[in-house]
Amino acid sequence: VDDVSLKVTPILLRFWRPEYQQPYNTFVQALGNRYRNDSRVEFIAIGTGLWGETRATEWTDRSAAEAQGLTSDMWIDTVNAITDMYINAFSEGGLRKRLLLQMAPFQFVPRERKEFSIYAGDRSVGLSYNGLFPDYNVAFACSRPGYDYQCDGAYDQLVPYNNRVPIGFE
């Protein structure tokens, strides 16, 4: 009886797979059709991953996501593709609603947050950091010479976009 082991396989939402993205796109398009021109709606928070934010799994399930084929670059592409879904759904000759990418977390490395935030900001999508702390998760890395983050700090992408797109905090 003392030779017992437990093998647990987490069940993951695979946001990066077409089986997830196709029906999700259908939902986002229907959402856009219904609320794109609704004056009662001020903004739309883009849901890209777990809890609507920009990570695919909890940290404890990261290796399971990798085993399912998820890579850092694939995750960036996934977040960008979902951002595009919302841009398409809420556009009619240009964006009709303010969109906010909930860009606080990353899946594997901080560079992801930088990449998908730049992608969103360059497309007039606002950035929402769902947390506001004095120096959580390396808030500003651009001003830290020699620091390992390459302007990938939690708030770094909010600075260049703060006068160009909506910025939000939770």
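Residues numbered from 1 in each chain as written. Predicted model: local features only at pLDDT ≥ 70, side-chain atom pairs only at ≥ 80, totals over all residues. Heavy atoms only, no water.

## Brief notes about the pattern of salt bridges
Stated formally: Here, a salt bridge means any Lys or Arg side-chain nitrogen found within 4 Å of an Asp or Glu carboxyl oxygen. Numbered from the N terminus, helices here are DSSP runs of H or I no shorter than four residues, and strands are runs of E no shorter than two. A simple rule labels every residue: compare its accessible area, found with a 1.4 Å probe on the protein chains alone, to the largest value its type can have, and call it buried under 20%, exposed over 50%, or partly exposed in between.
Applying the stated criterion across every chain yields a total of seven salt bridges. Where Arg-98 meets Glu-42, a salt bridge forms, and the shortest distance between an N and an O atom there is 2.5 Å. Here Glu-42 lies in the loop between α1 (18-35) and β1 (43-46) and Arg-98 lies in strand β2 (residues 98-102), a separation of 56 residues in the sequence. With relative accessibility at 45%, the residue Arg-98 sits in the partly exposed group.

## Section: the pairing of strand β3 (residues 126-129)
Using the following cut-off: The pairing criterion is simple: DSSP has to find at least two bridges between the two strands.
In β3, alternate side chains face the same way, and those of Gly-126 and Ser-128 on one face and Leu-127 and Tyr-129 on the other are all buried. Here β2 runs beside β3; their pairing, made up of three bridges, is parallel. Residue Gln-102 lies in a different strand from β3, and its bridge partner there is Ser-128. Where β3 lies against strand β4 (residues 167-169), three bridges are found, and the strand directions are parallel. Directly across from Leu-127, in β4, lies its bridge partner Ile-167.

## A closer look at the nonpolar core
Test applied: Put simply, buried Ala, Val, Leu, Ile, Met, Phe, Trp, Tyr and Cys residues joined by side-chain atoms within 4.5 Å make one nonpolar core. Whether two residues are in contact is decided by their heavy atoms, any of which lying within 4.5 Å being enough.
Tyr-86, Leu-99 and Leu-101 are the most contacted members of the largest nonpolar core, which has 36 residues in total. Mapped onto this core, the elements with two or more residues apiece are α1, β1, α2 (62-67), α3 (72-89), β2, α4 (111-121), β3 and α5 (158-161). Residue contributions to this core peak at seven residues, all from α3. Ignoring anything within four residues of it in the chain, the contact list for Leu-101 reads Ile-46, Thr-48, Thr-54, Val-79, Thr-83, Phe-116, Ala-120, Val-125, Gly-126, Leu-127 and Ser-128.

## So, α4
Taken together, the buried positions of α4 are Glu-112, Arg-113, Phe-116, Ser-117, Tyr-119, Ala-120 and Gly-121. Contacts made by the buried residues of α4 are with α3, β2, β3 and α5.

## Focus on the packing of aromatic side chains
Condition: The criterion for an aromatic pair is that two Phe, Tyr or Trp rings (for Trp, the six-membered ring) have centres within 6.5 Å, with stacked assigned to planes under 30 degrees apart, edge-to-face to planes over 60 apart and tilted to the rest. Comment: the charge-over-ring label is applied if NZ (Lys) or CZ (Arg) is within 6 Å of the ring centre and within 35 degrees of the ring normal.
What the rule picks out here adds up to nine aromatic pairs. For the ring pair Phe-15 and Trp-75, a centre distance of 6.2 Å and an interplane angle of 65 degrees mean the geometry is edge-to-face. With Phe-15 in the segment before α1 and Trp-75 in helix α3, this residue pair connects regions lying 60 residues apart in the sequence. For the pair Tyr-86 and Phe-90, a centre-to-centre distance of 6.4 Å together with 10 degrees between the ring planes defines the contact as stacked. Using a relative accessible area of 3% as the deciding quantity, one classes Tyr-86 as buried. In this structure Phe-90 comes out as buried when scored by relative accessible area, which is 0%. Put simply, the rings of Phe-15, Tyr-20, Tyr-24, Phe-27, Trp-75, Tyr-86 and Phe-90 touch in pairs and so form one group of aromatic residues. A cation over an aromatic ring shows up here: Arg-123 above the ring of Tyr-119, its NZ or CZ 3.5 Å from the ring centre.

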